[in-house]
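Coordinate analysis (summary)
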Amino acid sequence: MAQACATVGREVDSVALLAVSKRKPASQIRAAFAAGQTAFGENYLQEALLKQQELEDLPLQWHYIGPLQSNKCKSIAQHFDWAHSIERKSVALKLSQARAPQATPLQVCLQVNIDAEASKSGCAPDDLAELAQTVAQLPGLKLRGLMCIPSPDGDPHSAFGRLRELLHSLPQTYKLDTLSMGMSNDLESAVAQGSTLVRIGTAIFGARDN
Ligand SMILES: *Cc1c(COP(=O)(O)O)cnc(C)c1O
């Protein structure tokens, strides 16, 4: 990350590191925490809840980055600090309703289907402005920015550039500050295109078995 920032003249602390710990045991999260990492990303709700229990003694920040199905919203709103993968209004409403009123709002990103892939999650770029307008008004959510996963067959550099432009196309009154983009294989492109948060699994914890 430091190299990627230096190459394009960015400050190293302008990009946050989310350690993606899906399919990895709590012991590896504990080791990463001991090395100074506090923010962790998970894709699978049941697995994440078990690890959260095991790691209750640590001051960790939990990010949900997997697909957001309606039946998981309540639990995600109760057990996570962030959700990166909001793609439709109904899910945003459920998350907001389930967030405890006295808690800090759930910090959220809208996932954009940036390469218009038939099989991929994310809202279409054309629907983004309307979704953002809804989410920005929900009391249980704090809209922070956008997230994408580029197509493996496409050009990630171009996809990341388009996500940045979409962020800038939204009203400034939302005060968006987050571009959640970049994974182990494309973090340099993402940083060059203005990522503020990279989601890194394999390059930290090693390959996943499944
Ligand atoms: C698994 C995953 C990552 C991490 O991917 P790596 O290639 O292991 O770095 C990042 N973001 C999302 C949404 C993921 O599902």
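A short tour of the structure in this document, coming up. Just so you know, these numbers come straight off a predicted model, no measurement behind them. Position labels on residues start from 1 in each chain and follow its written sequence. In keeping with the model being predicted, local features are shown solely for residues with a pLDDT of at least 70 and side-chain atom pairs are shown and tallied solely at 80 or more, while totals for entire chains, interfaces and linings include all residues. Just so you know, side-chain values use all the structure's heavy atoms and leave hydrogens and water out.

Examining the site of the ligand
- Around the ligand sit 13 residues in total, of which Lys22, Asn43, Ser184, Gly201 and Thr202 are the nearest.
- By the criterion applied in these results, polar contacts are pairs of N or O atoms within 3.5 Å in which, for protein atoms, one can donate a hydrogen and the other can accept it, and in which residues neighboring in sequence qualify only through two side-chain atoms. With respect to the ligand, the side chain of threonine 202 contributes an N or O atom lying 2.5 Å from an oxygen atom.
- For accessible areas, the Shrake-Rupley method is used with a probe of radius 1.4 Å. Any residue's cover is judged against the shown protein chains and nothing else. Considered on its own, the ligand offers 390 Å² of accessible surface; in the complex 90% of this is hidden by protein.
- Three categories are distinguished: nonpolar for Ala, Val, Leu, Ile, Met, Phe, Trp, Tyr, Cys and Pro, charged for Asp, Glu, Lys and Arg, and polar for the others, with Gly belonging to the last. Grouping the amino acids of the shell around the ligand by side-chain chemistry returns six nonpolar, four polar and three charged. We call a residue near a molecule or strand whenever a single non-hydrogen atom of that residue lies within 4 Å of it.

Considerations on the packing of aromatic side chains
- Centres within 6.5 Å are what make two rings of Phe, Tyr or Trp a pair, Trp counting through its six-membered ring; a difference in plane orientation under 30 degrees is then read as stacked, over 60 as edge-to-face, and the rest as tilted. All told, the structure shown has two aromatic pairs when counted by the stated rule.
- Here phenylalanine 40 and tryptophan 62 contribute two aromatic rings whose centre-to-centre distance is 6.2 Å and whose plane-to-plane angle is 45°, an arrangement assigned as tilted. Placement of the pair is phenylalanine 40 in strand β2 (residues 39-42) and tryptophan 62 in strand β3 (residues 61-64), with a sequence separation of 22 residues. Neither residue differs from the other here; phenylalanine 40 and tryptophan 62 are each classed as buried.
- Between tyrosine 64 and phenylalanine 80, the ring centres sit 5.5 Å apart and the planes meet at 80°, which makes this aromatic pair edge-to-face. With tyrosine 64 in strand β3 and phenylalanine 80 in the loop between α4 (73-79) and β4 (82-86), this pair connects stretches of sequence that are 16 residues apart. Pair check on accessibility: tyrosine 64 and phenylalanine 80 agree, each one buried.
- Two conditions define a charge located above a ring, namely a distance within 6 Å from the ring centre to NZ of Lys or CZ of Arg, and an angle within 35 degrees of the ring normal. Here the basic side chain of arginine 23 rests over the ring of tyrosine 44, its NZ or CZ set 3.8 Å away from the ring centre. Numbered from the N terminus, helices here are DSSP runs of H or I no shorter than four residues, and strands are runs of E no shorter than two. When a residue's accessible area, from a 1.4 Å probe over protein chains only, is under 20% of the maximum for its type it is buried; when over 50% it is exposed; and in between it is partly exposed.

Comments concerning the side chain of serine 195
- On the secondary structure map, serine 195 appears in the loop between α8 (187-192) and β8 (197-200).
- We classify serine 195 as buried; its relative accessible area is 0%.
- Separated by 3.5 Å, the side chain of serine 195 and the backbone oxygen of leucine 179 make a polar contact.
- At a separation of 2.7 Å, a polar atom in the side chain of serine 195 contacts the main-chain carbonyl oxygen of methionine 181.

Here's the deal with the pairing of β4
- A large share of β4 lies buried, amounting to five of its five residues.
- Every crossover in which the path from the first strand over the helix to the second runs clockwise, viewed with the strands pointing away from the viewer, is termed right-handed. Remark: the β3/α4/β4 crossover connection has right-handed handedness.
- For the crossover that starts at β4, traverses helix α5 (residues 89-98) and ends in the parallel strand β5 (residues 106-111), the hand is right-handed.

Focus on the pattern of salt bridges
- Between Lys or Arg on one side and Asp or Glu on the other, a salt bridge is scored when a side-chain nitrogen of the former is within 4 Å of a carboxyl oxygen of the latter. What the rule picks out here adds up to nine salt bridges.
- Measuring nitrogen to oxygen at the nearest pair gives 3.0 Å for the salt bridge that ties arginine 30 to aspartate 57. Residue arginine 30 is located in helix α2 (residues 26-34), and its partner aspartate 57 is located in the loop between α3 (45-54) and β3; the two are separated by 27 residues in the primary sequence.
- Arginine 30 gets classed as partly exposed once you look at its relative accessible area, which sits at 33%.
- A salt bridge links glutamate 130 to lysine 89, with the nearest nitrogen and oxygen atoms 2.8 Å apart. With glutamate 130 in helix α6 (residues 128-136) and lysine 89 in helix α5, this residue pair connects regions lying 41 residues apart in the sequence.
- Owing to a relative accessible area of 34%, lysine 89 belongs among the partly exposed residues under this scheme.
- Ionic contacts of the salt-bridge type, sharing partners, join the residues Arg23, Glu42, Glu47 and Lys51 into one network.

Things to note about the side chain of glutamine 37
- In this structure, glutamine 37 sits in the loop between α2 and β2.
- When its relative accessible area of 14% is taken as the criterion, glutamine 37 is described as buried.
- Separated by 2.8 Å, the side chain of glutamine 37 and the backbone oxygen of leucine 17 make a polar contact.
- Pairs of residues are marked as contacts when any of their non-hydrogen atoms sit within 4.5 Å. Apart from the residues lying within four places of it in its own chain, the contact partners of glutamine 37 are Leu17, Leu18, Ala19 and Ala32.

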